[in-house]
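Summary of the model geometry
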Amino acid sequence: MIQTDICIIGAGPVGLFAVFEAGLLKMRCHLIDALPQIGGQLSEIYPKKPIYDIPGFPEVNAQTLVDNLRQQIAPFKPTFTLGERVDGLTRSEDGSFIVTTVDGTQVKSKVVVIAAGLGSFEPRKPELQNLERFEGRGVTYMVKDPETFRQRRLVIAGGGDSALDWTIYLSAIAERVTLIHRNESFRGAPDSAEKVMKLAEEGKIDLLLSANLQAVNGNGVVKSVSVVDKQKVVKEIETDFLIPLFGLSPKLGPIADWGLNLDKSAIEVNTVDYSTNVEGIFAIGDINTYPGKLKLILCGFHEAALMAQRAFEFVYPSQKLSFKYTTVNGVNAF
Amino acid sequence: MITFSVEDHTGQVQTLELPGDINLSLMEVLKASDYPIAATCGGMALCATCHLEVLSGGDRLPAPGDAELDMLDTLPNATAQSRLACQIRLSENLQGACFALKAPALV
């Protein structure tokens, strides 16, 4: 089990800066993020977009801001669990928290800081009846191990880059790949779109354009999918797997079940210290809500600073905190 | 004044009336009117949490740009009438239009 002072959920800009504020007060941090890289939305959604409202930076590229934060917190040696979504939260006998990820990683800490932004990024699912009943029984939203599909029949749905790329890749392994896309053409990378068209012309894949998934059928496991075309003609395609690839969308996920007061998927906090209704758990950045809340990175930075002052009382209950400026004391690395 | 109507997730239709000189996107108007949309990305056509369908009167709306079309293309439940509210500026072009929310409701 990983042991630390503060377990930060979410390695976006606010979670990263919380490491700095905690580090100034001699508190160590471990960060968990569902994405395989740090930076949250900035790295995942808009790495190349400029940001204009970070104090002291007239203009900064989102990824540059993340890189700078990584450099800024390096002296405090944060540790990371990336690519794992948090799942459970329990309390051990000594009062500390144990956060568990879906992959079973456990982090024990005196304080939990939720800086999860808009939640973890999860696959967008098509609206099909009983879809969830087939998850793990032929329906999968990501390709973890391509070998799973060797010599099997697959239906891939979607028109973005990942649908195109996996169609190309898996067409060489699978017995048969059918790609379903609701438009007449692809807007993904022109190169990939061209390759998919060529595979279809050569009869190596089945391509159904202007078509939509209508149903997934089977008895316990996927047997076939029903697809409806523009003329409303329904066609049934026998298959072993259905892989819907419709991108990612953020969801609050299991955090919603941790007993925290929520308002519209945001965690209610006290603005004195950004504490939640559960003692020892704080929420900072886009995930929290309070009267006057603004979802700005700079507000999240402020929240991190105030949170750290109060978290100190949980980490060092017998010590008195005296406030110090970095200009006077410098940054004392661990 | 600009008048248009919005059908929410429960199927209820409400008419919104707004002054024509406010510089907002339809997404911002919907948020300000307390519709349960997440508007995660804040208006960059990157999250599709303001996805809606134009039910009628959409012929005067400016056509979607590349960023919007790219995002719409990835959605499982998009139709030919789908738009992202964040990419539609409030203007006289919305007069009389009717929209239905398509993105999952924020609870």
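Residues numbered from 1 in each chain as written. Chains lettered and ligands numbered in written order. Predicted model: local features only at pLDDT ≥ 70, side-chain atom pairs only at ≥ 80, totals over all residues. Heavy atoms only, no water.

1. Details of the environment of A:Ala193
All names here are of chain A. Quick reminder of the rule: We count a stretch as a helix when DSSP gives it H or I for four or more residues in a row; a strand needs E for two or more, and each element gets its number in order from the N terminus. Residue burial is assigned from relative accessible area. The probe radius is 1.4 Å, only protein chains are included, and a residue is buried under 20% of its type maximum, exposed over 50%, and partly exposed in between. Here, two residues are considered to be in contact whenever any of their heavy atoms come within 4.5 Å of each other.
With respect to the helices and strands, Ala 193 occurs in helix α5 (residues 190-201). The buried category is assigned to Ala 193, whose relative accessible area is 11%. Residues Ala 193 and Lys 235, spaced 42 residues apart in sequence, show a C-alpha to C-alpha distance of 24 Å. When near neighbours in sequence (up to four residues on either side) are disregarded, Ala 193 contacts Leu 164 and Phe 186.

2. Remarks on the interface of chain A and chain B
By a widespread convention, an interface's size corresponds to the accessible area lost as its parts come together. How we decide: A 1.4 Å probe defines the accessible area here, and the buried area is the portion of it lost by two parts on being joined, summed over both. Should a side-chain nitrogen of Lys or Arg be within 4 Å of a carboxyl oxygen of Asp or Glu, the pair is scored as a salt bridge. Think of a polar contact as two N or O atoms within 3.5 Å of one another; within protein, one of them needs to be a possible hydrogen donor and the other a possible acceptor, and neighboring residues in sequence only count if both atoms come from side chains. Residues are grouped as follows: nonpolar covers Ala, Val, Leu, Ile, Met, Phe, Trp, Tyr, Cys and Pro; charged covers Asp, Glu, Lys and Arg; every other residue, Gly included, is treated as polar.
Between chain A and chain B, the residue contacts involve 19 residues of the former and 20 residues of the latter. It is A:Arg124, A:Arg182 and A:Arg187 in chain A that bury the most area against chain B; as a group they hold 37% of the surface buried on that side. One can count two salt bridges joining chain A with chain B. Across the salt bridge formed by A:Arg187 and B:Asp70, the nearest N and O atoms sit 2.7 Å from each other. Summed over the shared surface of chain A and chain B, the result is seven residue pairs in polar contact (both at pLDDT 80 or more). Looking at the side of chain A that touches chain B residue by residue, the class counts come to six nonpolar, six polar and seven charged.

3. What about the state of the cysteines?
Residue and element names in this part refer to chain B. Selection criterion: Criterion for a disulfide: a pair of cysteine sulfur atoms at a distance within 2.5 Å.
For the coordinates displayed, the defined rule picks out zero disulfides over all chains. Not engaged in a disulfide, the cysteine Cys 98 finds its nearest cysteine sulfur in Cys 50; these two sulfurs lie 17 Å apart. Since its relative accessible area comes to 14%, Cys 98 is described here as buried.

4. Notes on the packing of aromatic side chains
All names here are of chain A. The line we're drawing: The aromatic pairing rule takes the rings of Phe, Tyr and Trp, using the six-membered ring of Trp, and pairs them if the centres are within 6.5 Å, calling planes under 30 degrees apart stacked, those over 60 edge-to-face and the rest tilted.
Overall, the coordinates contain eleven aromatic pairs over all chains when judged by the stated rule. Here the aromatic rings of Phe 17 and Phe 20 are separated by 5.6 Å at their centres, their planes lie at 20°, and the arrangement is stacked. Remark: Phe 20 and Phe 17 occur in helix α1 (residues 13-24); sequence separation between them is three residues, near one turn of the helix. Overall, the relative accessible area of 12% leaves Phe 17 in the buried class. With centroids separated by 6.1 Å and ring planes inclined at 85°, the aromatic side chains of Phe 282 and Phe 314 adopt a geometry described as edge-to-face. With Phe 282 in strand β20 (residues 281-283) and Phe 314 in helix α6 (residues 297-315), this pair connects stretches of sequence that are 32 residues apart. According to the relative accessible area criterion, Phe 282 is buried, its value standing at 1%. Counting every residue linked through ring pairs, the aromatic cluster contains Phe 17, Phe 20, Phe 76, Phe 301 and Phe 334.

5. Let's talk about the pairing of strand β2 (residues 29-33) of chain A
Residue and element names in this part refer to chain A. So the rule is basically this: Strand pairing is assigned whenever DSSP identifies at least 2 bridges connecting the two strands. A crossover gets the label right-handed when its path from the first strand over the helix to the second runs clockwise, viewed with the strands pointing away from the viewer.
Burial within β2 is extensive, with five of its five residues counted as buried. Residues Cys 29, Leu 31 and Asp 33 point to one face of β2 and His 30 and Ile 32 to the other, with burial holding for every one of them. The pairing of strand β1 (residues 2-9) with β2 spans four bridges and is parallel. Bridging across to β2, Cys 7 finds its partner in His 30. Crossover connection from β1 via α1 to parallel β2: handedness right-handed.

6. Side note on helix α2 (residues 66-74) of chain B
All of the buried residues in α2(B) are B:Glu68, B:Met71, B:Leu72, B:Asp73 and B:Thr74. Of the surrounding elements, those touching the buried residues of α2(B) are β3 (51-56) and β4 (82-84) of chain B.

7. Comments concerning the pattern of salt bridges
All names here are of chain A. Taken as a whole and judged by the stated rule, the model has 20 salt bridges over all chains. A salt bridge links Asp 273 to Arg 310; the nearest nitrogen and oxygen atoms lie 2.9 Å apart. With Asp 273 in the loop between β19 (266-268) and β20 and Arg 310 in helix α6, the pair connects residues that are 37 residues apart, well separated along the chain. Using a relative accessible area of 8% as the deciding quantity, one classes Asp 273 as buried. The partly exposed category is assigned to Arg 310, whose relative accessible area is 25%.

8. A short note on unusual backbone geometry
Unusually for a residue other than glycine, A:Tyr274 sits at a positive phi of about 60°. Position of A:Tyr274 among the secondary structure elements: in the loop between β19 and β20. The exposure class of A:Tyr274 is buried, given its relative accessible area of 4%. Although it is not a glycine, B:Asp34 sits at a positive phi angle of roughly 65°. Inspection of the secondary structure assignment puts B:Asp34 in the loop between α1 (26-32) and β3.

9. A short note on the pairing of β3(B)
Residue and element names in this part refer to chain B. Here three bridges tie β3 to β4, and the two strands are oriented antiparallel to one another. Looking at β4, one finds that Leu 52 is bridged to Arg 83. One ladder, built from four bridges, connects β3 with strand β5 (residues 98-101); its direction is antiparallel. Residue pairing for β5: Val 54 is matched across the bridge by Phe 99.

10. Considerations on the sheet that holds strand β11 (residues 176-180) of chain A
Residues and elements named next belong to chain A. Note the following rule: Where helices are involved, their axes are fitted lines through C-alpha atoms of the stretch in contact, as for all axes, and angles between N-to-C directions lie from 0 to 180°.
Spatially, β12-β11-β10-β16 is the arrangement adopted by the four strands of the open sheet, whose pairing is parallel. Since the sheet does not close on itself, it has two edges, and those belong to β12 (206-208) and β16 (241-244), each with one partner. Neighbouring strand axes in the sheet, compared pairwise and without regard to direction, differ in orientation by 15° on average. The sheet strands contacting helix α4 (residues 161-171) are β10 (153-157), β11 and β16, and the helix crosses β11 at an angle near 165°.

11. Focus: the UniProt feature "domain: FAD/NAD(P)-binding" (unreviewed entry) in chain A
As a reminder of what qualifies: UniProt positions are given in the numbering used here, feature names are shortened, and annotations may be inferred rather than shown by experiment.
UniProt feature "domain: FAD/NAD(P)-binding" (unreviewed entry): in the numbering of this structure it lies at residues 5-291 of chain A. Note that residues 5-291 of chain A is 18% helix and 33% strand, and that its end C-alpha atoms are spaced 29 Å apart.

12. Brief notes about the domain arrangement of chain A
Cut-off, in case you're wondering: Source of the domain bounds: an automatic or database domain assignment.
Here chain A is partitioned into domain 1 (2-122 + 249-329) and domain 2 (125-246). The gap between the C-alpha centroids of domain 1 of chain A and domain 2 of chain A is 38 Å.

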